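# A structural walkthrough
Each chain, letter by letter, is given below.
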Amino acid sequence: KQEVTQIPAALRVPEGENLVLNCSFTDSAIYNLQWFRQDPGKGLTSLLLIQSSQREQTSGRLNASLDKSSGRSTLYIAASQPGDSATYLCAVRADTGFQKLVFGTGTRLLVSP
Amino acid sequence: NAGVTQTPKFRVLKTGQSMTLLCAQDMNHEYMYWYRQDPGMGLRLIHYSVGEGTTAKGEVPDGYNVSRLKKQNFLLGLESAAPSQTSVYFCASSYVQNAIQETQYFGPGTRLLVL
């Protein structure tokens, strides 16, 4: 059974700092991996999607990497801003069967002004 | 283009009461999903639908029923609510390309409290 773990559970950084969020998964047979952002009381917004054949994806100040063989992904946020404060979730999609998404429990990020 | 909408936003039920959560999407997506989100457990799939008139069980289907009578709507029903069903419920939808599900779009959630 696929399990997704995110460390740390919470992170507080000063504005302007670069930071890395970690995601690990137990079964490397994945189709893709997604990073989502969730603001308090809101739904999830997709940030980046990495296909299993890719090593990284970039969008603005965000860069996500994928090492499928070791079961790891990182989300790098450059020059953090208070507006980046949110919970970040990663989710992996199986490459067989229904291909459901399996979510991690998230990292709650607080960027202080 | 409203995306994915959910009704209601918040509800309080007594144990044993029933209710229906409504999800609507205007993106013509084939697939729709219901998740619940509980502290420390991440999102878990309750039921999903791969098209109008079809539904299937996810990871945690017990105590819930669903219906997809119209492509744009996906209903989640609780026949006899229990305190263990206190949670935040999210609906999502996605399109399918070459038999592969693409990015899921999420609604804002329904917060349910069962007393």
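A brief look at the structure comes next.

## Some thoughts on the pairing of strand β4 (residues 31-38) of chain B
Residue and element names in this part refer to chain B.
- The element β4 is largely enclosed, with a buried count of 8 among its 8 residues.
- Side-chain alternation along β4 places Y31, Y33, Y35 and Q37 on one buried face and M32, W34, R36 and D38 on a second face that is also buried.
- Here β4 pairs with strand β9 (residues 87-94) via 7 bridges, running antiparallel. Within the sheet, the bridge partner assigned to R36 lies in β9 and is Y89.
- The pairing of β4 with strand β5 (residues 42-51) spans 7 bridges and is classified as antiparallel.

## Side note on the nonpolar core
- The biggest cluster of nonpolar side chains holds 23 residues, and the ones touching the most others in it are A:L33, A:W35 and A:L75.
- Formed by 18 residues, the second largest nonpolar core is a distinct cluster that contains B:M19, B:W34, B:V66 and B:L78.

## Some points on the sheet that holds strand β3 (residues 19-25) of chain B
Residue and element names in this part refer to chain B.
- Reading across the sheet, the 4 strands line up as β1-β3-β8-β7 and stay open at both edges, with antiparallel pairing between neighbours. Only two strands of the sheet have a single partner each, and these edge strands are β1 (4-7) and β7 (65-67). Across this sheet, the average inter-strand angle for adjacent strands is 20°, counted without regard to direction.
- The pairing of β7 with strand β8 (residues 73-78) spans 3 bridges and is classified as antiparallel. Counterpart to V66 in the pairing with β8 is L76.

## Brief notes about the packing of aromatic side chains
- With the rule as written, the count across this model stands at 8 aromatic pairs over all chains.
- A ring pair is formed by A:F103 and B:Y35, whose centres lie 5.6 Å apart and whose planes are at 85°; its orientation type is edge-to-face. With A:F103 in strand β10 (residues 101-103) and B:Y35 in strand β4, this residue pair bridges two chains. In this pair, the class of A:F103 matches that of B:Y35, namely buried.
- Residues A:F103 and B:F106 carry aromatic rings whose centres are separated by 6.2 Å and whose planes lie at 85° to one another, so their mutual orientation is edge-to-face. Pair noted here: A:F103 is in strand β10 and B:F106 is in strand β12 (residues 105-106), and the two residues belong to different chains. The same class applies to A:F103 and to B:F106, which are both buried.
- One aromatic cluster is present, built from ring pairs that chain together A:F36, A:F103, B:Y31, B:Y33, B:Y35 and B:F106.

## Describing unusual backbone geometry
- The omega torsion across A:I7 and A:P8 is 0°, close enough to zero to call that bond cis.
- Structurally, A:P8 is set in the loop between β1 (4-7) and β2 (10-14).
- For the bond from B:T7 to B:P8, the omega torsion is -5°, close enough to zero to count as cis.
- Along the chain, the position of B:P8 falls in the loop between β1 and β2 (10-13).
- The backbone phi angle of A:A79 is positive, close to 45°, even though this residue is not glycine.
- In this fold, A:A79 is placed in the loop between β8 (72-77) and β9 (86-94).

## What to know about the sheet that holds β8(A)
Residues and elements named next belong to chain A.
- Read across the sheet, 5 strands follow the order β1-β3-β8-β7-β6 without closing on themselves; strand pairing throughout is antiparallel. A strand with exactly one partner marks an edge of an open sheet, and here the two such strands are β1 and β6 (56-59). With direction set aside, neighbouring strand axes in the sheet form an average angle of 15°.
- With 6 bridges connecting them, strand β7 (residues 62-67) and β8 associate as antiparallel partners. Residue pairing for β8: S65 is matched across the bridge by T74.

Analysis parameters
- Residues numbered from 1 in each chain as written.
- Chains lettered and ligands numbered in written order.
- Predicted model: local features only at pLDDT ≥ 70, side-chain atom pairs only at ≥ 80, totals over all residues.
- Heavy atoms only, no water.
- Buried < 20%, exposed > 50% of the residue type's maximum accessible area, 1.4 Å probe, protein only.
- Helix = DSSP H or I, 4+ residues; strand = E, 2+ residues; numbered from the N terminus.
- Pairing = 2+ DSSP bridges.
- Core = buried A, V, L, I, M, F, W, Y, C linked by side-chain atoms within 4.5 Å.
- Axes fitted to C-alpha atoms, helices over the stretch in contact; angles between N-to-C directions.
- Phe/Tyr/Trp six-rings, centres within 6.5 Å; stacked < 30°, edge-to-face > 60°.

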